[in-house]
Structure formats: structure tokens, C-alpha cells
Amino acid sequence: MDLYRVPNVIYLCVSASQHEEQFFWGQALKLETTQITAAIEALEPYMIDTLSAFVRAESPSGAEEPAAEFMEQALRDLGLEPERIKLDNELLKDLPLFACPCSPDNGRYNLLARYVPEKATGRSVLFNGHLDIVPTGPEKMWSNPPFSPVVKDGWLYGRGSGDMKAGIVCSLAAFKALRNLGVEPAATVGFNAVLNEEDGGNGSLATIHALKNALAKAKLQDFDAAIIPEPFGETMLSAQVGVFWMFVELTGRPAHVAYMTKGVNPIEAGIAVMADLKELEAEWNAPENRPALFKDEPHPINFNLGRIEGGEWNSSVPCTCTLGTRISFFPDMDPEEAKRIVSERVRATVARLNSSLDLNLRFEGQFAPGCEFDLEAPAMRTLAQAHAKITGAEPKRIACTACTDARHFRLMTDMPVTCYGPLAKDIHGIDECVSLDSMKRVAAAMAQFIVDWCGVQELKN
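Residues numbered from 1 in each chain as written. Predicted model: local features only at pLDDT ≥ 70, side-chain atom pairs only at ≥ 80, totals over all residues. Heavy atoms only, no water.

Colleague: Could you clarify how one ought to interpret the UniProt feature "domain: Peptidase M20 dimerisation" (unreviewed entry) in the chain in this entry?
Modeller: The UniProt record annotates "domain: Peptidase M20 dimerisation" (unreviewed entry) at residues 240-348. Structurally, residues 240-348 is divided into 31% helix and 29% strand, and its ends, taken at the C-alpha atoms, are 29 Å apart. (UniProt positions renumbered as here; feature names shortened; annotations may be inferred. Helix = DSSP H or I, 4+ residues; strand = E, 2+ residues; numbered from the N terminus.)

Colleague: Which parts of the structure should I look at to understand the nonpolar core?
Modeller: The tendency in soluble globular proteins is for nonpolar side chains to be buried side by side. With 100 residues, the main nonpolar core has Met47, Met71 and Met439 as its most contacted residues. No other element matches helix α11 (residues 436-454), which puts 13 residues into this core. Discounting residues that sit within four places of it in the chain, Met439 has contacts with Met47, Leu51, Ala166, Val169, Cys170, Pro422 and Val434. Membership of the second largest hydrophobic core comes to 33 residues, among which are Trp284, Ala338, Val342 and Val346. (Core = buried A, V, L, I, M, F, W, Y, C linked by side-chain atoms within 4.5 Å. Buried < 20%, exposed > 50% of the residue type's maximum accessible area, 1.4 Å probe, protein only. Contact = heavy atoms within 4.5 Å.)

Colleague: Where do I start with the packing of helix α5 (residues 161-180) against α11 in this structure?
Modeller: The relative placement of two packed helices is expressed as an angle between their axes plus a distance between the axes. As a packed pair, α5 and α11 sit with axes 8 Å apart at the nearest point and diverge in direction by 50°. Taken together, the axes of α5 and α11 are oblique relative to one another. Every pair of crossing elements has a handedness; the one defined by α5 and α11 is right-handed. Contact residues: Ala166, Gly167, Val169, Cys170, Ser171, Ala173, Ala174 and Leu178 in α5; Met439, Val442, Ala443, Met446, Ala447, Ile450 and Val451 in α11. Classifying every residue of the contact of α5 with α11 gives 13 nonpolar, two polar and no charged. (Axes fitted to C-alpha atoms, helices over the stretch in contact; angles between N-to-C directions. Parallel < 35°, antiparallel > 145°, perpendicular 65-115°, else oblique. Left-handed = near helix turned anticlockwise from the far one by under 90°. Nonpolar A, V, L, I, M, F, W, Y, C, P; charged D, E, K, R; others polar.)

Colleague: How do you make sense of helix α6 (residues 202-212) when you look at a structure like this?
Modeller: Helical periodicity: at 3.6 residues per turn, an α-helix aligns residues three or four positions apart in one direction. For α6, the buried fraction is high: ten of the eleven residues fall into the buried class. Three or more residues of α6 are buried, namely Asn202, Gly203, Ser204, Leu205, Ala206, Thr207, Ile208, His209, Ala210 and Leu211. In this structure, the buried residues of α6 make contact with β4 (83-86), α4 (89-92), β5 (109-115), β6 (125-130), β10 (189-194) and α10 (406-412). Of the residues flanking the end of α6, it is Ala214, one or two places downstream, whose phi is positive at about 55°.

Written out as C-alpha cells, the structure reads:
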């Protein structure tokens, strides 16, 4: 079989006999973009059912096993054989992008599955998505229980539906749609489902380490590009900020509230620490301090107080206070320099407030450099053009004010990478949901990308 390509069309030409060495141009099987979109449309029930079951598989960071088990079966249902890549932080701890883990390994594992053609003639791709989700918040605030997915007005609701189980389902649907059309990729297509993205990123780090060091069946050179289907609303990621988590542990001096002047209140000190950090945040956000890719972002740098713990009794000056913060910084700043600047600001604030306060700074969880992505690389241009074939226009480019696992591929490999996924609402919030129409467009664009980048060949039964 040979392939003949014209824009938006692939002709599959089959030899007259398996024993003949010459091929002839007989009846051609024509695969058009409209066929791809129709095949994806027909898979809407599959996408809804798969995503719904995926959402029901609760998978908070550190306890992703239910989603891993579900994904393992979903890959097998597509005729793929997933390989388990165990998370072993002892192997990763000396790597530059290692993040101090928030949870023990506990035998948790990534899943890497590949379709490998008998004879590869195209270029390969790896779809990389995370299984873990963030906490739901109070369930009573949700319109429907967060792990009981519902479809309403074209949106599928549930924790993890948008971030980012829908994107993973899109990649599976793209592969399935092509097979339903009687073709299969002419190069390796990989699916990597990882742990631990939300609180550190060591999941993707584990797969890349395994691929680089022959610890898996696959090798890093098996893949020519990576796509991470994060819910960025059908845009392509051009840059992302760096992020680290910092815990500010303050110990004061307890006292009866009737004699509170004898005590030292660490909770009040924590409030002052955050006020001073917000001043630093404003400095970094000043227009003159922004890199070009972030010029149009209204507030690219965000210092967040995500958790606060402290105090022992309403009528006592408290003894302890711990602030759990998330700090971001621009790609042109070294992570260690960012930590140094922020740490010095905190120490100066505490010293000014009261020399009796004891301060400990602990860094755990996310620790990610910022980075920029080459969207002019051939694979990324092919993805943009595939999106245009499906939607009529190339996708917008965004500089993200959060971090993603794309950094591991950008900084640890030579393969081009971006994030490209469906439109979602209220991720990390209440009533998280994803657009089904957007999922279908993204899945169709992924299928078109496989056609244009990997090539396709007649499906062999």
C-alpha cells in the first residue's frame, strides 16, 4: 500500500496482489476532513460515557489509583497494551525538575501505551495527560455531587471533567475515529497518563526519566512531538510562568487573652506576611517588568494564600500559624532566585514585626521553572493547521499564568510540545464542567493532526 496526499485528502492505494511487487492506482479510498468530523460526531456517546466513568473514578493527587485502573482498561479497549511506569521519587530526586513530593509513592504508577505500526513511514506523537484532580471543596456548594457527572446544556459536569480528563478522552476518541474510518497511524502514537501533576509534576518526570534511561519498553526517540490536552479552550500554549509552593511556619508565644500583650500572635504575623508578599506581587506585575509574551495579561503573576492553619483556642493568643502559599514568577527568572527574593521578603517582614517570632520556610510540592514554547516548529504548525481545517481558523496563542507538565518536555527533551485542549469552566472551583462541542472539535483536530503528521495507512485486521 502507498499513500498519495493532497490538501485535506488522503488516498490509500492498495496493490493488486500481495505477491506483486508493483502497485497500481486502482479504486482510491478518500479520507476528507468532513469524514473525520463525522466520525468524531458519531463518537459523542463514547466520549460522554468514557468521560463520565472517568470522572466517577475519584483520583485526588496522591491517590490516583481508581483513575489509573479505569485508564488501563480504556486503553485495552482500543487494542493497546499499557505499560505501568512506577513513580519512584528516589530515582528522580537528583533531577533538576524534581519537586519535593507531598505524598508517598505507595506503588502508584503512570500508564504508557503505544500504537506501533509494522512499518512506520510517518512522524510520531505522544499525548500526555494527568490523572490527578484537586479537592472538590464543600459538596453542598455543587449543583450536583462532584463525582456524579451530569450533562446539561452541552456541558459535562464533575470534578476533573475539564482538568483534564476530557482532554485525555479527546485523544482516545481521535485514535478510535480513525480506526472506525478504516485507517490507522503510519507512525507511533503514544498515550501517557500520569500522576501528580497538580501538586508537583513528578509523574511526567518519571516517564521522561524512564524513556531516557531504557527503563520502559519505549524510548525517548520513539516520539517526535508531544501534545498535552490541558483545558485551554482550543488555544495553543506559547509560554507559562514558573511556580513554587512555600509553607510559612510561624511560632509565637501563647498567652491568656486577658493578658494578650504578653503573647506574640503568629496568625496576625501571617496576615502581615501576606500583605507584604502582595506588594512584591504588584512589583513583579508592573508593565515594565513583564516579558513580551505576557504584556497583554492583566495579572500574570499571582501569589496565592491557599491554606492557613493555626491557633488552639478562641480565648488564647495562638502558638502557631502555617501559611500554604503558591508563588509564580516569569520565565526569565531562575527558580532559585525567585525563592531567594520571596524568602528574604518574608524574613524581613517577620523581623520587623517581632524578634520573638520563630520562622521556618518549607518548600514542598510544585517547583517549576517558567518556559516558552516554539510554536513555529513543524509539529506545532501542523497542529495549528489541523485545528484550522476543523474550525476554519488557526488557534489563538496564549501565555499561561499557571504551570503545566509541558515544562518537562520543553526543558528535558528536544521534542516540540504545547498544550491544546477543550474549553472548560470553573476548573479547581465549584461546578467544574467541559464543553462537549469543544471536545468534539479538539478530538477532530487531533485526528486531523495524526493524519497530517503521522500519516495513515489501511487498517490491518
